[in-house]
Amino acid sequence: RERCARRPARRTSRRRTFWMSKNTSQQCTLTCSFGFDFKKRRNLVHVGENVVAYVVGNLVTFLDVTAGEKKYLRSVENGDIGFITVHPDGTHLVVGENGPSPRMHIYAYPSLDLENTIIGGAERAYSAGTFSSDGTMLASVSDLPDYWLTLWDWKTGVSILRAKTYGQEVYDVS
């Protein structure tokens, strides 16, 4: 009988540095997070003073970087989350979900009260979303199979403009 020696587990620590937002020079270094998707673009967003949010599966995790405290927001439909984005004033957060007939849910921040739900922007999934710089509109991009770029009046949930992205995957909207 052969006996295999077990190798000691190797501990590797990868540090990733993220910019807190596009318009600032603040940085945040993440050393450990279970399930953090490093391949998902814009998966770490600056939500409020000392608070960042990121997606892990069907949860949005809010991390207070000074206190080390976490709060969680589960997706309404229990599906995967395609994107999160924050209003320029920091007063609202949009969570774009994935699954059959996905929805975008708009929450007040910091209370996390659900204020609005937008339906009809995608068949299966959202790949990106962001607010306009003045905060009046919301842009969303759907993923396979439809690839729609849609501009919304996010307060009413009415589609203002819709255009096809011609079957190409879009990673970000600005």
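In what follows, the structure referred to is the one given above.
Remember, predicted model here, so these are calculated numbers, not experimental data.

*Asks:* Can you explain the environment of Val56? Please cite residues and give values.
*Replies:* Looking at where Val56 falls in the secondary structure, it is placed in strand S4 (residues 51–56). Sequence separation of Val56 and Arg74 is 18 residues, and the distance between their C-alpha atoms is 9.9 Å.

*Asks:* Any chance you could break down unusual backbone geometry for me, citing the residues and the numbers?
*Replies:* The omega torsion of the bond from Tyr109 to Pro110 falls at 15°, within 30 degrees of zero and hence cis. For Pro110, the position within the fold is in the loop between strand S9 (103–108) and strand S10 (114–119). Each neighbour pair has its own omega, and for Leu144 with Pro145 the value is 10°, a cis peptide bond. A positive phi angle, near 50°, is found at Ser101, a position not held by glycine. With respect to the secondary-structure elements, Ser101 resides in the loop between strand S8 (92–97) and S9. With phi around 55°, Tyr147 is a residue other than glycine that occupies positive phi space. Relative to the assigned elements, Tyr147 resides in the loop between strand S12 (138–142) and strand S13 (148–153).

*Asks:* Go over the pairing of S9 with me, naming the residues and quoting the values.
*Replies:* Buried residues dominate S9, accounting for 5 of its 6 residues. Note that S8 and S9 share 5 bridges and pair antiparallel. Its bridge partner lying in S9, Val94 is registered against Ile106. The antiparallel pairing of S8 with S9 creates a hairpin that spans 5 residues between the two strands, and Gly99 there sits at a positive phi of about 130°. Judged from the 5 bridges that link them, S9 and S10 form a sheet pairing that is antiparallel. Note on S10: the bridge partner recorded for Arg103 is Ile119. From the end of S9 to the start of S10, which pair antiparallel, there are 5 residues, and Leu112 there has a positive phi angle of about 60°.

*Asks:* Give me the lowdown on the sheet that holds strand S14 (residues 158–164), citing residues and values where you can.
*Replies:* The antiparallel open sheet is built from 4 strands, whose spatial order is S11-S12-S13-S14. The outermost strands of the open sheet, each flanked by one partner alone, are strand S11 (126–131) and S14. Averaged over all pairs of adjacent strands, the angle between strand axes in this sheet comes to 15°, irrespective of strand direction. The pairing of S11 with S12 spans 5 bridges and is classified as antiparallel. Across the sheet, residue Thr130 finds its bridge partner in S12, namely Ala139.

Procedures and definitions
Here, residues in each chain are numbered from 1, in the same order as that chain's written sequence. Given that the model is predicted, a residue must reach a pLDDT of at least 70 before its local features are reported, and side-chain atom pairs must reach 80 or more before they are shown or counted; all residues, however, enter totals for whole chains, interfaces and linings. Just so you know, side-chain values use all the structure's heavy atoms and leave hydrogens and water out. Working definition: helices are DSSP H or I runs of at least four residues, strands are E runs of at least two. Numbering for both runs from the N terminus. Burial here depends on accessible area, computed with a 1.4 Å probe over protein chains only, as a share of the maximum for the residue type. Under 20% is buried, over 50% is exposed, and the range in between is partly exposed. Strand pairing is assigned whenever DSSP identifies at least 2 bridges connecting the two strands. Here, axes are lines fitted to C-alpha atoms. For helices the fit covers the stretch in contact, and angles between N-to-C directions go from 0 to 180 degrees.

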